[in-house]
Amino acid sequence: MPKSDKTGPNGGDDPTVDRDSQWRQVVQRLYEPDRDGGLTAAIVFAIADAEGVAPTEVNSPPLYEAVDAERIEQALFGSETGETVREATGRVEFRYADYLVSVGSDGWVRVSEPTRPERP
Amino acid sequence: MSDESTGEDAADLAVSLRGDGDRSLPQETLEVDYVYEALAHARRRYLCYSLLEDTRPSLTELATEIVAWEDDVPEEAVTQRHRDRVSVSLYHTHVPTLVDAGVVAFDEVNGTITAAENADEVLAALIGIGGSLESQDDARAGGETDTEGGETDAEGGETDAEGGETDAEE
């Protein structure tokens, strides 16, 4: 499968983030499932930090229109009750407004903004 | 009579689930994904229950109630940060999920939810689940008192108050 010349679990065949010169990370936040009670809030709080607004002011659009955070939570962190320990590793990335958001199975939620305007 | 027919339905279902014979599965109950999607998270079940109330609380008020309920604390003790976390989860995930499932409509201006076309079906399922859990509890409670048959007899006597004498001291 001649897909990419890079290797590793987060290897270079990811079209969104590989152009790393175009994105600058502005916020990172550690999500702890037992403490934070839901990945949705952790992601929105991180975006709020990036925008410099209160979390309740992040509202255009609902995150649900960009991604189903509940399913990401289930895939990366198992059930919300924490009764099961799963060993999934990986990272999910998606665009929200002007940002690139990355959620890793290590719990790090990272928000990046473009370093230059996108091509028209 | 009604007991008998329920029994037959259950037997029919058991037969169809075993695949004996040529019976078809009850399509209507297999095709209501939105019911299960709507009820798959405790916070969404809470939102669905709230549709039964006469008042239309805002998402912020609902978030306060949910924190109090989840953490078993009085509503006055709910911190803003905690309330914001839940409020954000409602706005960004749970309410849109319910809107997608056709269970609620969200009023952006007032920040309130109202029932939509599938609300009745989902509430019926929710209440049905509650009912079946209760009857399981009853059955379990009945089982526990089995060894003391006298007690269950006495209870039976109480329900038909007039004819209760026949049960007494036997």
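Residues numbered from 1 in each chain as written. Chains lettered and ligands numbered in written order. Predicted model: local features only at pLDDT ≥ 70, side-chain atom pairs only at ≥ 80, totals over all residues. Heavy atoms only, no water.

Undergrad: Explain the overall build of chain A to me, using residue names and the numbers behind them.
TA: Looking only at helices and strands, one finds 3 helices and 4 strands in chain A. In chain A, the succession of α and β elements from N to C terminus is β-α-α-α-β-β-β. Here chain A holds 120 residues, and 37% of them are scored as buried. In chain A, the proportion of contacts linking residues at least 24 apart, taken out of those at least 6 apart, comes to 55%. As displayed, chain A has an accessible area near 7200 Å², and 47% of this comes from carbon and sulfur atoms. (Helix = DSSP H or I, 4+ residues; strand = E, 2+ residues; numbered from the N terminus. Buried < 20%, exposed > 50% of the residue type's maximum accessible area, 1.4 Å probe, protein only. Contact = heavy atoms within 4.5 Å. Areas by Shrake-Rupley, 256 points an atom, 1.4 Å probe, with all protein chains shown as cover.)

Undergrad: Outline the overall build of chain B, supporting the account with residue identities and numerical values.
TA: Looking only at helices and strands, chain B features 8 helices and 2 strands. Going from N to C terminus, chain B has its helices and strands arranged as α-α-α-α-α-α-β-β-α-α. Out of the 170 residues belonging to chain B, those deemed buried represent 31%. In chain B, of all internal contacts separated by at least 6 residues, the share reaching a separation of at least 24 is 48%. When the accessible surface of chain B is summed, it comes to about 10900 Å², and 49% of that surface belongs to carbon and sulfur atoms.

Undergrad: Explain the side chain of Thr40 of chain A to me, and be specific about the residues and the numbers.
TA: Position of Thr40 of chain A relative to the elements: it lies in helix H2 (residues 39–51). Judged by relative accessible area, which is 6%, Thr40 of chain A ranks as buried. Polar contacts involving the side chain of Thr40 of chain A include one to the side chain of Thr93 of chain B, which spans 2.7 Å. (Polar contact = N/O pair within 3.5 Å; in protein donor to acceptor, adjacent residues only side chain to side chain.)

Undergrad: Could you give an account of the pairing of strand S2 (residues 112–115) of chain B, naming the residues involved and the relevant values?
TA: All names here are of chain B. As paired elements, strand S1 (residues 104–107) and S2 share 4 bridges and run antiparallel to each other. Within S2, the position partnered with Phe106 by the bridge is Ile113. Once S1 ends, the chain turns through 4 residues before running back antiparallel as S2, passing Gly111 with a positive phi of about 70 degrees. (Pairing = 2+ DSSP bridges.)

Undergrad: An account of helix H3 (residues 69–77) of chain A is needed here, citing residue identities and associated values.
TA: Those residues of H3 of chain A that fall on the buried side of the exposure criterion are Ala69, Glu70, Ile72, Glu73, Leu76 and Phe77 of chain A. Seen from one end, H3 of chain A has its buried residues packed into an arc of 160 degrees, which puts them on one side. Its buried side turned inward, H3 of chain A meets helix H1 (33–36), H2, strand S2 (91–96) and strand S3 (99–104) of chain A together with helix H4 (42–50) and helix H6 (80–100) of chain B. Among the residues trailing H3 of chain A, Gly78 of chain A stands out with phi positive, at a value near 70 degrees. (Arc of directions from axis to C-beta.)

Undergrad: Explain the environment of Tyr34 of chain B to me, using residue names and the numbers behind them.
TA: Residue and element names in this part refer to chain B. You can see Tyr34 is positioned in helix H3 (residues 33–38). Judged by its relative accessible area of 23%, Tyr34 falls in the partly exposed class. In the structure, Tyr34 is positioned 88 residues away from Val122 in sequence and 8.3 Å away in space, judged by C-alpha atoms. In terms of polar contacts, Tyr34 uses its side chain to reach the side chain of Glu121, at 2.8 Å.

Undergrad: Outline the pattern of salt bridges, listing residues and values.
TA: Taken as a whole, this structure holds 7 salt bridges over all chains when the rule is applied. It is possible to trace a salt-bridge network through shared partners that takes in Asp68 and Arg71 of chain A together with Glu37 of chain B. (Salt bridge = Lys/Arg side-chain N within 4 Å of Asp/Glu carboxyl O.)

Undergrad: Before we move on, can you summarise H2 of chain A with the specific residues and values?
TA: Helix length check: H2 of chain A (13 residues) gives 18 Å between terminal C-alpha atoms against 18 Å at 1.5 Å per residue, within 8%. Burial within H2 of chain A is extensive, with 11 of its 13 residues counted as buried. Within the span of H2 of chain A, buried status applies to Leu39, Thr40, Ala41, Ala42, Ile43, Val44, Phe45, Ala46, Ile47, Ala48 and Ala50 of chain A. Of the surrounding secondary structure, the elements contacted by the buried residues of H2 of chain A are strand S1 (23–30), H3, S2, S3 and strand S4 (108–114) of chain A together with H6 of chain B. Phi for Gly52 of chain A, located one or two positions after H2 of chain A, is positive at around 70 degrees. (Expected span 1.5 Å × (residues − 1).)

Undergrad: Run through the packing of H2 of chain A against H6 of chain B, naming residues and quoting values.
TA: Closest axis-to-axis distance for the H2 of chain A/H6 of chain B pair is 8 Å, and the angle between their directions is 100 degrees. It follows from the interaxial angle that H2 of chain A and H6 of chain B lie roughly perpendicular. Note on element contacts: H6 of chain B touches H2 of chain A through Arg81, Asp84, Arg85, Val88, Ser89, His92 and Thr93 of chain B, opposite Thr40, Ala41, Val44 and Phe45 of chain A. A per-class count over the contact of H2 of chain A with H6 of chain B returns 4 nonpolar, 4 polar and 3 charged. (Axes fitted to C-alpha atoms, helices over the stretch in contact; angles between N-to-C directions. Parallel < 35°, antiparallel > 145°, perpendicular 65-115°, else oblique. Nonpolar A, V, L, I, M, F, W, Y, C, P; charged D, E, K, R; others polar.)

Undergrad: Which residues make up the interface of chain A and chain B, and what values do they have?
TA: Reports often express the size of an interface as the amount of accessible area lost when the parts come together. At the interface, 21 residues of chain A touch 17 residues of chain B. The junction of chain A with chain B conceals about 1600 Å² of combined surface from both sides, 52% of it contributed by carbon and sulfur atoms. Contact with chain B buries area across many residues of chain A, yet Phe45, Tyr64 and Glu70 of chain A alone supply 36% of it, more than any other trio. Notably, a salt bridge pairs Glu37 of chain B with Arg71 of chain A, separated by 3.0 Å at the nearest N-O pair. (Buried area = accessible area lost by both parts, 1.4 Å probe.)

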